[in-house]
Structures are given as C-alpha cells and as structure tokens.
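# A closer look at the structure
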Amino acid sequence: MFSDKSARNGHAVLESSVLARDRRHPLPKSLDLLHDPSLNKGRAFSEAERLALGLRGLLPPRITSLEDQAARVIATVRAKKTDLDRYNSLIALQDRNETLFYHVLIEHLAELMPVIYTPTIGQACQEYGHIFRRARGMYVSDSDRHHIREVLANWPNDDVRVIVVTDGERVLGLGDLGAHGMGIPVGKLSLYTACAGVNPSQCLPVTLDVGTDNEELLASPVYLGLPHERIRGEAYDGFIEEFIRAANDRFPNVLIQLEDFGNANAFRLLKKYRDQVCLFNDDIQGTAAVSLAGLLSAIRVTHKKLTDQTILLFGAGEAATGIADLIVFAMMKEGLTEEEARHHCWLMDSKGLVVAGRNDLVEHKRPYAHEHEPLPDLFSAVQSLRPTALIGASGKSSAFTQAVLSTTAQENERPIIFALSNPTQQSECTAEEAYHFTEGRAIFASGSPFPDVRMRERTITPGQANNAYVFPGIGLGIIASRSTRVTQEMFYEAAKALAGTVSSADLSKGRVFPGLDRVREVSAVIAAAVAKVAFRDGLATVEEPPDVLGWVKSQMYEPSYKSYV
Ligand code: NAI
C-alpha cells in the first residue's frame, strides 16, 4: 500500500526526475506513458514508479521483471501456429513496448530474424492490407508533392540518423507491392537496432507512395496506398529529389538507405545521389558486401585466390551487378586492372548470357558484356564458362537444376554455390539440392535460411548470405563517425571485416558466415572498419578516437529498462 507521505514524495521525485530528463520533452504521465512504446514497461513499472507517474490502478498489481516478461513473450510467440502469426505478435509487441521487443529479438535473433525479416516479411507485405493495425514510420505520397518538408516536420523526433526508404516497386523477389512494401523498411530498421544497436529513436522507416502497377492491389479494397498507377519519368524524379532534399534539411546528414526500388530507378538514383548525400542502396551494395565476404571465406576452403575465380552470376539486376562491381573492386585491390577483373565476372539475365553482341543491354550490364557466343540458358553457360562460383540473384526458383549443379561440381573440387534469391520459394536451389547434386562438396550459402542437411554421416550447416550481417554495421559506422558519404571502399572493408569474423569451426561446419547469434559483435567490427575508412578518407565529421572498436561498441543501444524515479 502507498501512504500519502510516500505518494507526496513520489510526486516530488517525479518532478525532479522529469526536469532532469529533458525540460523540452517531459515524461508523459499515466495512460500516455503506457501508450508510448519507447517508454512503456508494462507490468515492470516498479512500485515507486507507479506511484510517481500516476500509474496506480492502471496496471495489474503484480510487478514483474524484463526477464520474466521476455520469457513469457518468447513462449507466446513459439506457441503461435504460423510464422505470420508470430510476425503479428512481435509487431504488436514493438508497438506496445519497444524495450521488451528488442530484448526478446536480440536474445533470440537467429530464431526470430526469419520472422521479422525474410522470408516471413515477404508474406507480411503481401498481406499488409489485412494485418495493418497501427502506422509505423512515415508514408510520403504523391499527393504530398511540393509539401514534403511539411510532412517530414510532423515526425516528432529531430534526431533521426537513419532512414530506410522504399517505393515498393520490387519487394524481395515478389515484385510491385506498392505502399505495402512498408514492411521492409520497418523490418530493416528493427535489424539496425537488434544487430548493431542503432537507437530505435534515431531510425525512421519511410514509404514513398508513388502508386503501384500491381493490378490486384489497385483493385483491392484493403490496399493502403494511392490507388493509381506508378508515376514515372520527370514527375517521379522530381518527387524523389524533393524527398532527398527535404530529408536532409529536416535531419542534416542523415544516412539514407534505398531499399527495394525497381532496378531501373535503383541504379539511377544510386548513381545520382551517392556523391551528393550520405546514401546507399542495400540491394546493390549491401548484398555485394555480404556476397564478397562469403566468397572470401569460401576461398579459404578452396585454397585459391580471389583472382583465380570465374564467377557466373545468374541474374543481372541490382544484386548481381552490385556483387560483380564489388568483386571487380576487390580484384583491383589485388592488382588486376578493371578490364582484367571484369573478365572474371559473367552475368546472365532472362534473355541469356550477357555478351558483347547483344544490343538490348541496359547501362549497368554493359561492362560485363564480354566477347562470347550468345548462350540462351544456364546449363550451356556453365558448360562453356566452367565457373568456380555460381551466384544466383534472379528471383527464379529452381534455376540451379541437377544438371547445372553436377556439371559445376565436375569442374571443381569444392564448387561455390550461392542461391541468394528471396524469399525461400524463389531460391535458385535448396541447400539439400546444392549438397545432394554435388556429392556434398558444395560450399553453399542462400538468401533465406535453410535447415541443416544430413549427408554421408555428416551434418552440414548452410550459411545464410544475409544482408543483416552488413548493413546494420555499416549504418552504425556511418552514424558513429557522422560520415558525410557512403563509399565503395566502405563496402569492401565491411566485406573483409565480415569474412574476418568467420572461424575455422564455422567453415568446417559448412558455413561461410558466422552464426547469427554473433551478429552484434560482427556489426561492431564492421562498424569500426567503416568508421576507419571515414576517418582515413576525410569523410568523418567527428574526431577519431584512439580505440575505434571500443568507441563504436560504447554507442550501441542495449534494451534495458531505465528507472524513471
Ligand atoms: P532485379 O529485378 O534487379 O534483378 C533480377 C535479375 O534476374 C534481372 O537481371 C533479370 O533479368 C534476371 N532474371 C529473372 N528471371 C531470370 C531467368 N529466368 N533467367 C535468368 N535471369 C533471370 O532484382 P535484384 O534486386 O537483383 O534481386 C534478385 C533476387 O535476389 C531477389 O529474389 C532478391 O530477393 C534476392 N536478393 C537476395 C539478397 C541476399 O540474399 N542477401 C539481397 C538482395 C537481393
């Protein structure tokens, strides 16, 4: 029971703590506090806090701890019947109690990442109109044109350091989901916090609603976006320009991550803005860094050099071209000329091998259009080029057939097979197929997770080439150093740093990435590597500390309850 005296004392404590916290943003009281997910602790408010903050009677009387709450949450999540139900219950928790959400997520990251990100996020975006409960982040739509500054002014927090933004045109391998692509920036920013400790209050997910060309969504009564076709051309470019400028005015030097744009826009926007503002495209550059890291780890197993590799990329879009460009960058670091390095990388698109004789190639493919006879299909390309590494980034499920895999295995003692397409059902092959059709010799990684495979008395753990190893650490490094740009050198260093965290034990289990349970430690190492590039190349706007890794780690958000009294 609270005595009047303690109640009076409680209010005195409250006032002093509120004043000490922040005069401009005093702690809300009572129900407002329970409804603010960044402050709410649910039943974990202590007796003194309940007294001081006007919460008496608004919560069940039995007080609990963060650990007990977390144990109950994970049990509830596990009891759900489907992954989408699990996703919904986690998002509901995020909307209720952010600290508890991140506590649970970090504790069970390997288990929950596929729920809050790929593959479940794909289904969540497809069902967004039905599962949408509460808005998170910002929707900036075509109808806000010429008023985007005013719209961004509505965001309550001035200290936003990272924006993940999509226009929903190419969501995972699922195509145009319009405004329902919002699940992607929300999920990616949850990973910034869970994997790299970027403070959630500094993260802003944004969907640019420029319409959709998805007929089904346009006809759907539950579609959340503007029910018109995508704007294109000058109107689109003007809208993006207005957004980028407004975002930088509102949040100076904010890191902008472009996500799931259609490939014609993705390449153009990256090229246009990468030297103007602090911006990168994760589908192009993040994927590249994680794939290069996978390759660098794989060649520790094959005992070959990077420059010994012939890499056939199945797909010639954002992911594949980004990977090829970073491999070229890395090979040039090892002494090759750009021309020589490019000859180690071959691309295939839906029309066949990318070769010099084709006159239908868009700009990003042309540097890889080598002299070669046209080849229409992957099997003939594998036979002709005899790649050491086959990397799928096409969104075409089952493209790595038995014939393709076994032919690659005939040419290589340890064939490198990365099937990156997401979600799981789009993967070019399963882990089981990759091992089975190569007599267990494949060094395999995939975009979405696959379970362990049992082969010849051995359990092989397939690695996941998950961008979440890289982009959160890159973000943390950029934010910590307050870098003004994101450079290709940073992705190269990030890839090397990630590869450096792969242990011999990981490799002997079969995986070319560290366990996801180590991702926070890995992110810190990547962040330090990225920050060092920013310091070295004069892009950082804070002073370089003596111990960059320790300094980066000290900035990582830890989800624990703060005492309000
Ligand atoms: P995109 O749309 O830019 O490119 C797809 C490419 O695949 C195009 O060049 C297209 O011509 C080619 N393609 C499609 N069907 C084909 C076929 N039947 N034969 C040969 N080529 C074909 O898409 P983006 O961004 O490159 O993504 C591709 C896939 O990679 C998606 O499934 C995406 O989820 C996945 N991805 C995986 C990542 C990871 O695992 N870390 C990261 C980024 C993307």
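Below is a short write-up of the structure. (Residues numbered from 1 in each chain as written. Predicted model: local features only at pLDDT ≥ 70, side-chain atom pairs only at ≥ 80, totals over all residues. Heavy atoms only, no water.)

To continue, consider the overall build of the protein. When you go through the protein residue by residue, the secondary structure sums to 25 helices and 14 strands. Relative to a compact globule of 565 residues, whose C-alpha radius of gyration would be 24 Å, the protein shows 25 Å and is just as compact. Along the three orthogonal principal directions, the C-alpha set of the protein runs to about 85 × 60 × 55 Å. Burial analysis of the protein (565 residues in total) assigns 60% to the buried set. A sequence separation of at least 24 residues applies to 72% of the contacts in the protein between residues at least 6 apart. Per element, the accessible surface of the protein, about 23,000 Å² overall, is 50% carbon and sulfur. Across the protein, the centroid of the 60 positively charged side chains sits 6 Å from that of the 70 negatively charged ones. (Helix = DSSP H or I, 4+ residues; strand = E, 2+ residues; numbered from the N terminus. Rg over C-alpha atoms; globule rule 2.2 N^0.38 Å. Buried < 20%, exposed > 50% of the residue type's maximum accessible area, 1.4 Å probe, protein only. Contact = heavy atoms within 4.5 Å. Areas by Shrake-Rupley, 256 points an atom, 1.4 Å probe, with all protein chains shown as cover. Lys, Arg positive; Asp, Glu negative; His and termini not counted. Charge placed at Lys NZ, Arg CZ, Asp CG, Glu CD.)

Let us look at the pattern of salt bridges. Using the criterion set out here, one finds 35 salt bridges in the structure. One salt bridge connects Asp-260 with Arg-170, and the closest N-O pair in it is separated by 2.6 Å. Residue Asp-260 is found in the loop between β4 (255-258) and α14 (263-273), and its partner Arg-170 is found in the loop between β2 (162-166) and α11 (183-196); the two are separated by 90 residues along the sequence. With relative accessibility at 25%, the residue Arg-170 sits in the partly exposed group. Each of Lys-333, Glu-489, Arg-536 and Asp-537 takes part in one network of salt bridges that share partners. (Salt bridge = Lys/Arg side-chain N within 4 Å of Asp/Glu carboxyl O.)

Let's shift gears to the environment of Ser-523. With respect to the helices, strands and loops of the structure, Ser-523 is situated in helix α24 (residues 519-536). Residue classification places Ser-523 among the buried residues on the basis of a relative accessible area of 0%. Sequence separation between Ser-523 and Asn-157 is 366 residues; the distance between their C-alpha atoms is 25 Å. Within the local environment of Ser-523, its side chain forms a polar contact with the backbone oxygen of Cys-195, the two atoms lying 2.9 Å apart. (Polar contact = N/O pair within 3.5 Å; in protein donor to acceptor, adjacent residues only side chain to side chain.)

This part is about the packing of aromatic side chains. Considering all chains together, one arrives at 12 aromatic pairs under this definition. Here the aromatic rings of Tyr-102 and Tyr-557 are separated by 6.1 Å at their centres, their planes lie at 85°, and the arrangement is edge-to-face. Of this pair, Tyr-102 sits in helix α6 (residues 98-107) while Tyr-557 sits in the segment after α25 (548-554), placing them 455 residues apart in sequence. On the basis of relative accessible area, Tyr-102 is assigned to the buried category, the value being 3%. Given the relative accessible area of 14%, Tyr-557 is considered buried. Members of the aromatic cluster, joined through ring pairs, are Phe-101, Tyr-102 and Tyr-557. Taking the ring centre of Tyr-564 as reference, the NZ or CZ of Lys-41 above it sits at 4.7 Å. (Phe/Tyr/Trp six-rings, centres within 6.5 Å; stacked < 30°, edge-to-face > 60°. Lys NZ or Arg CZ within 6 Å of the ring centre and 35° of its normal.)

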